[in-house]
Amino acid sequence: MFNTSFGIRKAAMKHFFQRNFKRTVFGLVGATILLGGLSACGHRHHEFGAQLSAEEYAEKRTKIVDRVAGKLDLNEDQKKRLATLGDKLYAQRTALVGQTQDPRAEIKALVAGDKFDAARAQALINDKTTALQSKSPEVIAALADFYDSLNAAQQAKVRSYLEHRGGWFHRS
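Since the structure is predicted, the reported quantities are computational estimates derived from the model, not experimental observations.

Enquirer: How would you sum up the overall build of the protein chain? Please name residues and give values.
Expert: On a plain count of helices and strands, the protein chain comes out with 6 helices and 0 strands. Within the span of the protein chain, comprising 172 residues, buried residues form 17% of the whole. Counting only contacts in the protein chain whose residues sit at least 6 apart along the sequence, the fraction spanning at least 24 positions is 63%. Carbon together with sulfur atoms contributes 61% to the accessible area of the protein chain, which is approximately 13200 Å² in total.

Structural data, given as structure tokens:
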């Protein structure tokens, strides 16, 4: 009797360790995937236009122009117009950000004291509005120039991409 009970216990212990071992392995794999995914999404320095140097921007712009050119079957003149549009957008963004290296620091400074700095906030808004208004005509002209250079089929593709939220830059 002791022998059979020992055999049952041995089988039960073997089953217990196998079950827990599998749970542990699956738990570790799941945790690794979760942490890997979070760390991959956590750092986004190279998001388009986010604090890029002029060289990094030019590299990124070339990739985007090539990608859009492939989807729309653009000729060289149209690619050049699209690159010009990208440059105008970058110039507007640079003017909008201004001279500061840390735009968030400007916002934090508004609430750093006991009272909200309304005068500084208004000056910040005025600076951003002026930058936006001064560069917008150039951006609109470059966009119109690019769009008007497209044929009817290419314009239809652009409208189709715009109907799908974020369709331009999603990986396909």
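Enquirer: Break down helix α3 (residues 76-97) for me, with residues and values.
Expert: Compared with the 32 Å implied by 1.5 Å per residue over 22 residues, the 31 Å span of α3 between its first and last C-alpha is a close match. Looking only at α3, the buried set comprises Q78, L82, A83, L85, G86 and Q92. Looking at the packing, one finds that the buried side of α3 touches α2 (54-72), α5 (118-149) and α6 (152-163). The opening residue of α3 is N75, an N-cap whose side-chain oxygen sits 3.1 Å from the backbone nitrogen of D77. Phi turns positive one or two residues past the end of α3, at G98, with a value near 85°.

The rules behind each value
Residues numbered from 1 in each chain as written. Predicted model: local features only at pLDDT ≥ 70, side-chain atom pairs only at ≥ 80, totals over all residues. Heavy atoms only, no water. Helix = DSSP H or I, 4+ residues; strand = E, 2+ residues; numbered from the N terminus. Buried < 20%, exposed > 50% of the residue type's maximum accessible area, 1.4 Å probe, protein only. Contact = heavy atoms within 4.5 Å. Areas by Shrake-Rupley, 256 points an atom, 1.4 Å probe, with all protein chains shown as cover. Expected span 1.5 Å × (residues − 1). Polar contact = N/O pair within 3.5 Å; in protein donor to acceptor, adjacent residues only side chain to side chain.

None of the figures reported here should be taken as evidence of function without further support.
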